[in-house]
Amino acid sequence: MENNLPTYLLTNLSAYYLLITFFMSQILKISDKAQKIIDSYIKMEIGGKIIACPYFINIQKTRAALRVFLGKASAEEIIEEVNFTSHKEHLDLKSLSEKEIYQFLSEHNLGIDCSGLASHILQAEYQEKKNLNFLKKIKIANFWRQPWRYLTAKLRPIENISVRVLADDKNSFLIKDLAEVAPGDMIIRENLRHVYLITKIEKENNQIKKISFVHAPRPEQKNYFGPGIFQKTIEMEINSFEELGRKINDQIIIKRLNF
Amino acid sequence: MQIENYSILNNVLFFAVFSCLAAFILAPLLIHFLYKLKIRRSFAFGEVKGIGQRLIKTGTPIMGGLLIVITVMIINLIFNWNQRFTYIPLGVMCLAAFLGAWDDIKNIFGKKRYLRSFGQTLKLIRVHKSKLTRLGLVLSLPWTAFKNIFHIFSRQPTRGALPHEKIILQFIAGAITAWWIVFKLGPDWLYIWVPFNGEIYLGYWMIPIIIFIVIFLANAVNISDGLDGLAGGSLISAFGGLTIISYFQGNLPFSILNATVIGALLAYVYFNIKPARFQMGDVGSLAMGALFAVIMLAQNRLVLIPFFGFIFIVEILSVILQIIWRYGLGKRLFKMAPIHHHLEILGWSEEKIVMRFWVINLFMVIFGLWLALH
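Residues numbered from 1 in each chain as written. Chains lettered and ligands numbered in written order. Predicted model: local features only at pLDDT ≥ 70, side-chain atom pairs only at ≥ 80, totals over all residues. Heavy atoms only, no water.

### Notes on the overall build of chain B
Here comes step 1: Within chain B one finds 15 helices and two strands.
Here comes step 2: Relative to a compact globule of 374 residues, whose C-alpha radius of gyration would be 21 Å, chain B shows 21 Å and is just as compact.
Here comes step 3: With respect to the three principal axes, the spread of C-alpha positions in chain B is 75 × 50 × 40 Å.
Here comes step 4: Sorting the 374 residues of chain B into buried and exposed places 54% on the buried side. (Helix = DSSP H or I, 4+ residues; strand = E, 2+ residues; numbered from the N terminus. Rg over C-alpha atoms; globule rule 2.2 N^0.38 Å. Buried < 20%, exposed > 50% of the residue type's maximum accessible area, 1.4 Å probe, protein only.)

Following this line, the structure appears as structure tokens:
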């Protein structure tokens, strides 16, 4: 025992050190399953190239179409549709550059909108962490007020989830202290037009140092293709909602699902 | 009995050969006629143009099904006109062929047709400046709803007959068949034969069932006519099974009718095998589907329809399921419907699909015949 004392102390001290630094600096991440969903959108392999999934929102308010044409499909469904469409049009995707493939997707209305992306990620996150089907829990429409919408939402939940639904008080509550923010929380634009999903938080002394999020941003110019889905990390200094809003150029609130 | 059976068999074989030879003689004339009138596949519409070797088929004459309809019609009118058994099946076949021909011709030479949606009609009712028009639109709302319900199954714009127009004509064909079977053939037809069990009394429930089956099978064969030889080959085995049953039932008119169909189909398939000299078109597929349904029902073998028409039922079910998945869940069940297109996209060659479907249908017909003995 005496012979092993230095080793014993060294091992324990390093363990204590690690424990202290762990409490001082903490990294919180979204589940691996949810991260895989994010990666499937960010690194879509089409025609041997890797591209990010484009943004597409169903502005025409098309109903009852395939969800892949409504901006609500999974990455696999989008890839399958791209392969199918190129097959029909006798187009060799391998001969296209990344930019051309991206354009091909955009021109064929293949992509995802912000709430569609958030829904797919949240579904994976809640399934992994709480073994809960988020799509069954979320309240989309009231049966007595909108019976038809209630039924369609039961059959096709993702297509009926908008930022407004996610931000509804029946489904989520407001986070008032930034220190309480966790991965899986939603940064929502105050006018309820856009949602970012927090994927990673780095803390030091219970103060947020970095926030990573993923979102599907709308291209700002007409005929501008890009940038598609991406993940971004913001360094925080003052630790306030205003600072976060300023850094992502939006007036925001943060909400967490009730489930 | 033996002599009678021998006589039926003799007639069956004779008319099958005769009809086949007649159709062989008629086929080159029909091909020439179709080319001359430019009744050819254009692929101006539809999603299928990109898959498989669809583009090669552009320019192939359609309405080749006329070969079967004309051959069967002429031979039976001359040699097999029977007030009790043949005039309604032939009449229903002609009605379905007329619908198919109308659709085929409009698809080639017609103008694009749009259908006003229910929502658009409601909007017009609100905003139209003429009160009379608004009243007219309100009164015709049920008709608009009817048209729109059937329009779920088609695409806008279309050149051919609109779905509700097809359904109405098919309903008439079904209704005629139901009237004939229920009120003309006798009370025996109010019972349906069931293997191992005998009979089940359906009474006047037979009427809606018959109408449904005629519409269902006419469309099923129509949908199956998507690859060279697929519908034709499967129909040969189906009518082959029917001929054997009518032979065992000792029904000469039906035996001859079925045999002439087989003969005409043999000649048709000879010219329709890939690369096809012509395609069946709606004129042939709707007519054959309706005739198949009528004879199945008239021979009181309704229960055997899933066996004799196995491929057709699989094909139409694939379309129905695809629609349910698409509208209900927003996803595709098959890469493309009907199922033969799904298999094409999976990489099966056209020949492989067609021949495997023939074999499957033949097997199911044999199985159905075995059931028919019990």
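### Some words on the interface of chain B and chain A
Here comes step 1: Chain B puts 16 residues into the contact, and the matching count from chain A is 15 residues.
Here comes step 2: Of the roughly 1400 Å² buried between chain B and chain A on both sides combined, carbon and sulfur atoms contribute 55%.
Here comes step 3: For the interface between chain B and chain A, the tally reads two salt bridges.
Here comes step 4: A salt bridge links Glu80 of chain A to Lys335 of chain B; the shortest N-O distance between them is 3.2 Å.
Here comes step 5: Where chain B touches chain A, the interface holds five residue pairs in polar contact (both at pLDDT 80 or more).
Here comes step 6: Ranked by residues supplied to the side of chain B that touches chain A, first place goes to helix α13 (residues 310-329) of chain B with four residues.
Here comes step 7: The class makeup of the residues in the side of chain B that touches chain A is six nonpolar, four polar and six charged. (Contact = heavy atoms within 4.5 Å. Buried area = accessible area lost by both parts, 1.4 Å probe. Salt bridge = Lys/Arg side-chain N within 4 Å of Asp/Glu carboxyl O. Polar contact = N/O pair within 3.5 Å; in protein donor to acceptor, adjacent residues only side chain to side chain. Nonpolar A, V, L, I, M, F, W, Y, C, P; charged D, E, K, R; others polar.)

### Details of the pairing of strand β9 (residues 252-257) of chain A
Residue and element names in this part refer to chain A.
Here comes step 1: Across three bridges, the pairing between strand β4 (residues 172-174) and β9 is antiparallel. Bridge pairing in β9 places Phe173 opposite Arg256.
Here comes step 2: With four bridges connecting them, strand β5 (residues 186-189) and β9 associate as antiparallel partners. What sits directly across from Arg189, in β9, is Ile252. (Pairing = 2+ DSSP bridges.)

### Topic: the nonpolar core
Nonpolar side chains in soluble globular proteins tend to be buried together.
Here comes step 1: Counting 93 residues, the largest nonpolar core has Met93, Phe239, Phe278, Phe292, Leu304 and Phe308 of chain B as the members making the most contacts within it.
Here comes step 2: No other element matches helix α11 (residues 281-298) of chain B, which puts 13 residues into this core.
Here comes step 3: Excluding residues within four positions of it along the chain, Phe308 of chain B makes contact with Ala238, Gly241, Leu242, Ile245, Phe292, Met296, Asn361, Val365, Gly368 and Leu369 of chain B.
Here comes step 4: Core analysis: the second largest hydrophobic core is formed by 52 residues, Leu110, Leu117, Ala124 and Leu135 of chain A among them. (Core = buried A, V, L, I, M, F, W, Y, C linked by side-chain atoms within 4.5 Å.)

### Some words on a positive patch on the surface
Here comes step 1: Positive charge collects at one region of the surface, where Lys61, Arg63, Arg164, Arg193 and Arg218 of chain A lie side by side.
Here comes step 2: Tracing the sequence through the fold places Arg193 of chain A in the loop between β5 and β6 (195-204). (Patch = residues over 30% accessible without salt bridge, like charges linked within 9 Å, V, L, I, M, F, W, Y side chains within 5 Å. Areas by Shrake-Rupley, 256 points an atom, 1.4 Å probe, with all protein chains shown as cover. Lys, Arg positive; Asp, Glu negative; His and termini not counted. Charge placed at Lys NZ, Arg CZ, Asp CG, Glu CD.)

### Notes on helix α2 (residues 66-79) of chain B
Here comes step 1: Here α2 of chain B spans 19 Å end to end across 14 residues, near enough to the 20 Å set by a 1.5 Å rise per residue.
Here comes step 2: Among all positions in α2 of chain B, only Leu66, Leu67, Ile68, Val69, Thr71, Val72, Met73, Ile75 and Asn76 of chain B are buried. (Expected span 1.5 Å × (residues − 1).)

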